[in-house]
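# Structural description and commentary
Below are the chains, spelled out letter by letter.
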Amino acid sequence: MELKEKVEIATRKMSEKNKAQIEKFSYSLINGEEENFKLLEEHDIYPTSPSCFIIYTIVPRELKHYVELTEQMNFIQDMRHKPRRLTNPDTAEIIRRMAECDAMHIPYRDEETNLCADFIFDKEEYEKNVRPLIEKQKETETVKEEPKEVSFMNFEANPNEEENNKKERILNLCNKLLETFTLTADEDKEAVRKALEKVDLSALSEKEILLAVFNDAFQVGNVELLSTEIDKVLELNETMDNGVGRMRGAA
Amino acid sequence: MKFLEKYDFTKDDIDKLIDNTPKKIMNEIKQSQKLVEKNLAYLKDLGITTYVQIFINYPDLFFMDHSNFKDMLDKYEKDSLIAKLNSNFRLIELL
């Protein structure tokens with residue numbers, strides 16, 4: 001691809017003022033990968049300013065993965081709006097933040113533009129502005145709970161024990177998913193264990209946890225397939241749980 | 001990226017740079033270290049305190065030929081340039 005063609009594509013949706021600045025970022029334009037120019041053009045993603053040319057230098061395989069993933073997870077319009085985000089699309093983290101906001105009823109998507117708030121894509125901003133809100137909301141909810149009398153008849157499970165049980169259950173589900181994808185090597189299991197350590201189990205549903213863990217551990221390209229397989233594993237697990245429950249009830 | 005420590009980059013700054021920068025650009029920073037350092041030092045010595053953020057967000061800007069890099073900054077009144085870039089480092093895009 002000739003430089004002239006690269007310039008034409010890269011500046012297609014740029015203001016005249018920005019077009020005058022391309023020289024400063026010419027390294028990324030000149031050395032940008034041809035495949036990336038084509039891929040981003042196909043997905044209607046264009047630099048909004050010359051500093052965005054850097055996205056053309058991403059490893060093409062990785063960029064393709066990011067673009068497809070953002071499309072499947074329904075935030076590709078956010079990448080069109082700020083293409084520079086493609087240089088660090090930590091999709092597992094983005095999904096985790098969305099799920100956490102959903103769980104805490106914190107709005108993050110503009111109804112008119114359908115664009116997500118910046119904090120969804122920015123770890124620092126999220127931790128600085130959203131985390132305190134979540135913590136405050138959690139505190140309020142804890143205070144609202146009525147104190148319960150402690151008696152041997154009304155024995156409450158230890159919170160740590162509950163957390164451990166949830167973790168064990170999730171690990172079990174992860175193992176089933178690993179088997180589904182025939183990922184049985186020790187390093188696959190280790191990758192899942194490490195990814196699971198990063199997830200806040202209390203804030204997410206089982207499906208959201210599994211999506212975040214597998215995306216983080218394997219950078220899954222086909223999220224739709226992953227989502228379908230997770231649904232199947234969860235359904236099977238529920239059926240088995242109910243079956244065991246009924247058997248116990250019958251006994 | 002050890003050389004960045006000379007310019008007071010913290011470990012977090014370097015991690016952020018690595019996270020936000022394509023491998024090709026990272027390799028070029030290593031390959032063109034002398035040029036990058038020259039531009040970085042010029043920005044720092046000018047009194048721009050936001051040079052770390054500028055580098056993290058616009059690493060490919062530092063591959064500019066040094067004389068062009070210098071000209072880009074020198075065409076503005078020094079104190080006003082420093083004040084503007086120190087209050088909003090993103091203005092470097094518009095110089």
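Note that the structure is a prediction, hence the values are computed from the model and not measured.

The next point concerns the domain arrangement of chain A. All names here are of chain A. Domain boundaries in chain A define domain 1 (1-87), domain 2 (90-149) and domain 3 (157-250). Each of domain 1 and domain 2 was reduced to a C-alpha centroid, and the two centroids are 30 Å apart. Facing the 10 residues of domain 1 at the interface are 10 residues of domain 2. Carbon and sulfur atoms supply 63% of the area that domain 1 and domain 2 bury against each other, a total of about 910 Å² over both sides.

A few words on the packing of aromatic side chains. Per the counting criterion, the structure on display carries 10 aromatic pairs over all chains. Taken together, a centroid distance of 5.5 Å and an interplanar angle of 40° make the contact between F62 of chain B and F69 of chain B tilted. This pair shows no difference in class: F62 of chain B is buried, exactly as F69 of chain B is. Grouping aromatic residues by their ring pairs yields a cluster made of F9, Y51, F55, F62 and F69 of chain B. Lying over the aromatic face of Y126 of chain A, R97 of chain A brings its terminal NZ or CZ to 5.7 Å of the ring centre.

What follows deals with the interface of chain B and chain A. Taken together, the 21 residues of chain B in the interface contact 19 residues of chain A. Summing both sides of the interface, chain B and chain A together bury roughly 1800 Å²; the carbon and sulfur share of this comes to 50%. Ranking the residues of chain B by area buried against chain A places K24, D60 and E93 of chain B at the top, with a combined share of 32%. Viewed at the interface, chain A and chain B are joined by 3 salt bridges. With a closest N to O distance of 2.4 Å, E62 of chain A and K23 of chain B form a salt bridge. Where chain B packs against chain A, one counts 14 residue pairs in polar contact (both at pLDDT 80 or more). Elements with a contribution of two residues or more to the side of chain B that touches chain A: α1 (11-20), α2 (23-31) and α4 (51-57) of chain B.

A complete count under the given rule lists 27 salt bridges over all chains for this structure. The residue E5 of chain B makes a salt bridge to K2 of chain B at a minimum N-O spacing of 3.5 Å.

The next point concerns helix α10 (residues 186-198) of chain A. Residue and element names in this part refer to chain A. The end-to-end C-alpha separation of α10 is 19 Å, in line with the 18 Å expected for 13 residues at 1.5 Å each. Among the residues of α10, D188, V192, A195 and L196 are the ones counted as buried. The buried residues of α10 occupy an angular sector of 105° when the element is viewed end-on, so they sit on one face. Opposite the buried face of α10, by more than 90 degrees, sit the exposed residues D186, E187, K194, E197 and K198.

Our next topic: helix α11 (residues 206-218) of chain A. All names here are of chain A. Over its 13 residues, α11 runs 18 Å from end to end, which matches the ideal 18 Å to within 8%, given 1.5 Å per residue. Within α11, the full set of buried residues consists of I209, L210, L211, A212, V213, F214 and N215. Phi turns positive one or two residues past the end of α11, at Q219, with a value near 45°.

With 97 residues, the main nonpolar core has L86 of chain A together with F9, L61, L73 and I92 of chain B as its most contacted residues. Considering each element in turn, this core owes the most residues, 6 residues, to α11 of chain A. Once you skip the residues sitting within four places of it in the chain, L86 of chain A turns out to touch L40, I45, I55, I58, L63, Y66, V67 and M79 of chain A.

Let's shift gears to the state of the cysteines. Within the structure shown, the criterion is met by 0 disulfides over all chains. No disulfide involves C52 of chain A; its sulfur sits 18 Å from the nearest other cysteine sulfur, which is in C116 of chain A.

Our next topic: the environment of L4 of chain B. Residues and elements named next belong to chain B. Here L4 is to be found in the segment before α1. Residue classification places L4 among the buried residues on the basis of a relative accessible area of 0%. In the structure, L4 is positioned 10 residues away from I14 in sequence and 7.7 Å away in space, judged by C-alpha atoms. The contacts of L4, once residues within four sequence positions are left out, are F9, I14, L17, L40 and F55.

Residues and elements named next belong to chain A. With their axes 9 Å apart at the nearest point, helix α4 (residues 34-42) and helix α5 (residues 60-72) run at an angle of 15° to one another. Put simply, α4 runs roughly parallel to α5. In the crossing of α4 with α5, the sense of the turn from one axis to the other is right-handed. Together, E35, N36, L39 and L40 of α4 and P60, L63, K64 and V67 of α5 make up the contact between the two elements.

Mean pLDDT for chain B: 95, with 100% of residues reaching 70 or above. Considering each helix and strand of chain B separately, the mean pLDDT is smallest for α1 of chain B, with a value of 92, and largest for helix α3 (residues 33-45) of chain B, with 97.

Rules and cut-offs
- Residues numbered from 1 in each chain as written.
- Chains lettered and ligands numbered in written order.
- Predicted model: local features only at pLDDT ≥ 70, side-chain atom pairs only at ≥ 80, totals over all residues.
- Heavy atoms only, no water.
- Domains from an automatic or database assignment.
- Contact = heavy atoms within 4.5 Å.
- Buried area = accessible area lost by both parts, 1.4 Å probe.
- Phe/Tyr/Trp six-rings, centres within 6.5 Å; stacked < 30°, edge-to-face > 60°.
- Buried < 20%, exposed > 50% of the residue type's maximum accessible area, 1.4 Å probe, protein only.
- Lys NZ or Arg CZ within 6 Å of the ring centre and 35° of its normal.
- Salt bridge = Lys/Arg side-chain N within 4 Å of Asp/Glu carboxyl O.
- Polar contact = N/O pair within 3.5 Å; in protein donor to acceptor, adjacent residues only side chain to side chain.
- Helix = DSSP H or I, 4+ residues; strand = E, 2+ residues; numbered from the N terminus.
- Expected span 1.5 Å × (residues − 1).
- Arc of directions from axis to C-beta.
- Core = buried A, V, L, I, M, F, W, Y, C linked by side-chain atoms within 4.5 Å.
- Disulfide = S-S within 2.5 Å.
- Axes fitted to C-alpha atoms, helices over the stretch in contact; angles between N-to-C directions.
- Parallel < 35°, antiparallel > 145°, perpendicular 65-115°, else oblique.
- Left-handed = near helix turned anticlockwise from the far one by under 90°.
- pLDDT = per-residue confidence, 0-100.

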